[in-house]
Amino acid sequence: MTALRFEVTKLNCGGCAGRAERALAGAEGVNTASVNLATKMAQVEGGTTAALRDALQTAGYPAAETRVRLAIQGMSCASCAGRVERALAAVPGVVDARVNLAAEVAEAQILSGSVDPKALARVVTEAGYPAEALNDGEQADAETRQAAEQTRLRRDLILAAALTLPVFLGVMGGHLIPALHGWIMDTLGMTLWWTIQFVLTTAVLIGPGRRFYQIGLPLLAKGAPDMNSLVALGTLAAWGYSTVALLAPGLLPESARVVYFEAAGVIVTLILLGRFLESRAKGRTGAAIKRLVGLRPSTARVARDGEITEIDIADVTPGDTVHVRPGERLPVDGTVLTGRSYVDESMISGEPVPVEKTEGSQVIGGTVNGAGALSFRAEAVGADTMLARIIAMVEQAQGAKLPIQALADKVVRWFVPVVMAVALVTVLAWLAFGPGLTFALVAGVSVLIIACPCAMGLATPTSIMVGTGRAAELGVLFRKGDALQRLDDVRVVAFDKTGTLTEGRPELVRSEGFGMSAEEALRLAASAEAGSEHPIARALERAATGTTAPQDVEAIPGHGLRARVEGRDVLVGNARLMACEGIDAPTYDGIETPVYVVVDGALAGLFGVADRIKPGARVAIDALHAQGLKVAMITGDAQPVADSVARDLAIDHVHAETLPDGKTNAVKDLRARYGAVAFVGDGINDAPALAEADVGLAIGTGTDVAIETGDVVLVSGDVNGVVTASALSRAVMRNIRQNLFWAFGYNVALIPVAAGLLYPIAGLMLSPMLAAGAMSLSSVFVLSNALRLRRFGETPEKAGKTMMQEAHA
């Protein structure tokens, strides 16, 4: 089923996001739909582009659309143009496609963010008509639109503040300084002063404040009010009441002839201030993605026609020979052909130590070359590079909806209508039992303004965005966003052994010589094994020095091999081979695999080969224990080997001699015994267990099958990534709970105060202006709290420096 991701406009609060999401979910053919308020992006599976677009249009939250122009070659008739149009129209995300045969140009209207213009060009090219995207500079991306929105908010805020300030200072100053009030009355008079307030406040509402009425009032008319509707009602109520008091005072009792123009102006100004601060904070939530995107160089130096030419990175094709100078970023993925250097892969893997690259080494686009020059063969370009896949994974995870958000969604769905009802009841109650109309109006407006579903809608997605972005920087990729919450519920972490807790390749760990030195016996054995592909042969070869080519090599299946080395008869094999040859060999009591070496009929050496435990594995398991988690190991190795590794690593529970299909049963057994299970593996045989576990964590250096099955990918292959993922999951979920507690608690506590509940008890009444300020600060608090996750994993000293830098900025 096709998944589509695109931008939705006019989302200002959690209620907006909820309504847009329900509209999408209700469209024909849609399987799942989610809308992220923080990024203003929708993610949908199923349904047609037209159905999705119409559903959002009807709901009042149109999908953002972008025009893409393509230059096309090879069209000769209307039939050609028709084929191009049909090819473009079949692409998910394309709303409409038209071809101008005479100009050889196609225009496609797409849902913004749903499809890359270069991808459209590839579709047309594959249809038989070479194409390229035109006017890329006109494709305003989400970041550009966000910057434009910040500019508009800053402009509107400055204008609103300039118009409101004289009114605010005059009214509030008059309350605080009676002499100022007297001077205004003596010089201007009440009618002229009220008229000035009317003119300035009306300008605020018509100018900077019109955004609230353009969105809120039509939605109110449709019976689907949002946060803009509340602001529109509140400010219009204050402005309308004041206008009647100024222009038609006879309609009001004499005691109720007062104006609240300053309240309407200050409310608009404060809410614009809050939205401006929100917009700035939202820009920072996607900082990790921006940094990842910024890693991609725009050009590459490629060997073409015998010369090294600098070309656009989009023109690099698989098979090209790419040259990288010292200090440059690698443009694409590939394999080193010549050169030697150390490459900084920290932004991909999270590992700070540069990695040595020589002939045959794999290199990753976006990483930074060290002091040596390299040439490599391009193998993955464009969307196929690891960096592009990481960005796609992070974007997909950031658009996820966690189960914990379900409660907030239910509340937000009914929140605005309930607030309006509470405001109406408040006005009627104070009219019936309170001091009068003016008091009832102030209470009603305060209720409308104090309500803030924005904070509820932002509570979860902002934390997910910042958390998954920070995880990517640390080498942990959440392929599925909901794994964040599931990982927080995990009670036991189960590891595969080979390639996960261990290096995944045998190494020589024990040497013993008989009648000659162990080094000489090893050299002869490694020479004899030079032609073998067995992993044990490779282990001996890596440990030996001065090997020579063998002669007359004879493999002995299941036992070992025989060969002539430097004129000597060399026999290398296991205990069964020694028994068959009648060699009196000592019994091996270690847990390693024994390798016996016989030279000219006499036992010459005994070697132990084992898969070494990865550095840091014990530290990682100790850290998981410190988090209160149980640790298990599931392996196909023999029980003695598994038990030895478990003792070394302080593992709580061992499942040994387990076949691949038995690993899923082992996961089920652990779940029944301890609770939710996370499984960590790297091989094809781990895929069933990764899928069965509540959360599957795939080692990034493992097989593609394991990575595709896992919910989380540990890019560097370091098992400490499991600790990072678990700790980050807990930090994100704690952050979300804090945000939700604040968002719910804020409204539960302040709506009754705004309604005047404390007035009969303590004589306290919340003014609409204070309500507007508190409402704006609520969303800013949630965003600021989520941004703290950007410092996850930093030392206190570095975190402090980061905070100082951000404060200075």
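On a predicted model such as this, the values are computed, not experimentally measured, just so you know.

Q: So what's going on with the sheet that holds strand β12 (residues 341–344)? Residues and values would help.
A: Strand order in this open sheet of three strands is β13-β12-β15, and the pairing throughout is antiparallel. Two strands in the sheet have a free side with no partner beyond their single neighbour: β13 (355–357) and β15 (368–369). Looking at chain direction, β12 and β13 are connected through three bridges and run antiparallel. Opposite Tyr342, over in β13, you have Glu356 as the bridge partner.

Q: Explain the confidence of the model for the chain to me, using residue names and the numbers behind them.
A: This prediction gives the chain a mean pLDDT of 83; 89% of its residues lie at or above 70. Confidence over residues 136–142 falls short of pLDDT 50; this stretch has eight contacts with residues more than four positions distant or in other chains. Counted against residues more than four places away or in other chains, residues 795–809, with its pLDDT under 50, gives eight contacts.

Q: Give a detailed account of helix α4 (residues 117–126), specifying residues and quantitative values.
A: For α4, the set of buried residues is Pro117, Ala119, Leu120, Ala121 and Val124. A positive phi of about 110° marks Gly128, the residue just after α4.

Q: How would you explain the sheet that holds strand β8 (residues 299–304) if you had to name every residue and give the values?
A: The six strands are arranged β9-β8-β10-β16-β11-β14 in an open sheet whose pairing can be described as antiparallel. Pairing within the sheet leaves two strands with one partner each, and these edge strands are β9 (307–312) and β14 (362–363). Strand direction decides the pairing type here: strand β11 (residues 333–339) and β14, joined by two bridges, are antiparallel. Within the sheet, the bridge partner assigned to Gly334 lies in β14 and is Val363.

Q: Explain the pairing of strand β2 (residues 30–36) to me, and be specific about the residues and the numbers.
A: For β2, a buried count of five out of seven residues is recorded, marking the element as mostly surrounded by other parts of the structure. With six bridges joining them, β2 and strand β3 (residues 41–46) adopt antiparallel strand pairing. Its bridge partner lying in β3, Val35 is registered against Ala42. Linkage of β2 to β3, two consecutive antiparallel strands, is achieved through a turn of four residues, within which Lys40 is found at a positive phi near 60°.

Q: Explain the packing of aromatic side chains residue by residue, including any values.
A: Tallied over the entire structure, the rule returns six aromatic pairs. Centre to centre, the rings of Phe198 and Phe261 are 5.9 Å apart; their planes meet at 65°, and the pair counts as edge-to-face. Taken together, the residues span a long stretch of sequence, with Phe198 in helix α7 (residues 190–206) and Phe261 in helix α10 (residues 261–285) at a distance of 63 residues. Taking the relative accessible area as the measure of exposure, Phe261 reaches 0% and is therefore buried. Through pairs of rings, three or more aromatic residues link up here, namely Phe198, Trp239 and Phe261.

The rules behind the values
- Residues numbered from 1 in each chain as written.
- Predicted model: local features only at pLDDT ≥ 70, side-chain atom pairs only at ≥ 80, totals over all residues.
- Heavy atoms only, no water.
- Pairing = 2+ DSSP bridges.
- Helix = DSSP H or I, 4+ residues; strand = E, 2+ residues; numbered from the N terminus.
- pLDDT = per-residue confidence, 0-100.
- Contact = heavy atoms within 4.5 Å.
- Buried < 20%, exposed > 50% of the residue type's maximum accessible area, 1.4 Å probe, protein only.
- Phe/Tyr/Trp six-rings, centres within 6.5 Å; stacked < 30°, edge-to-face > 60°.

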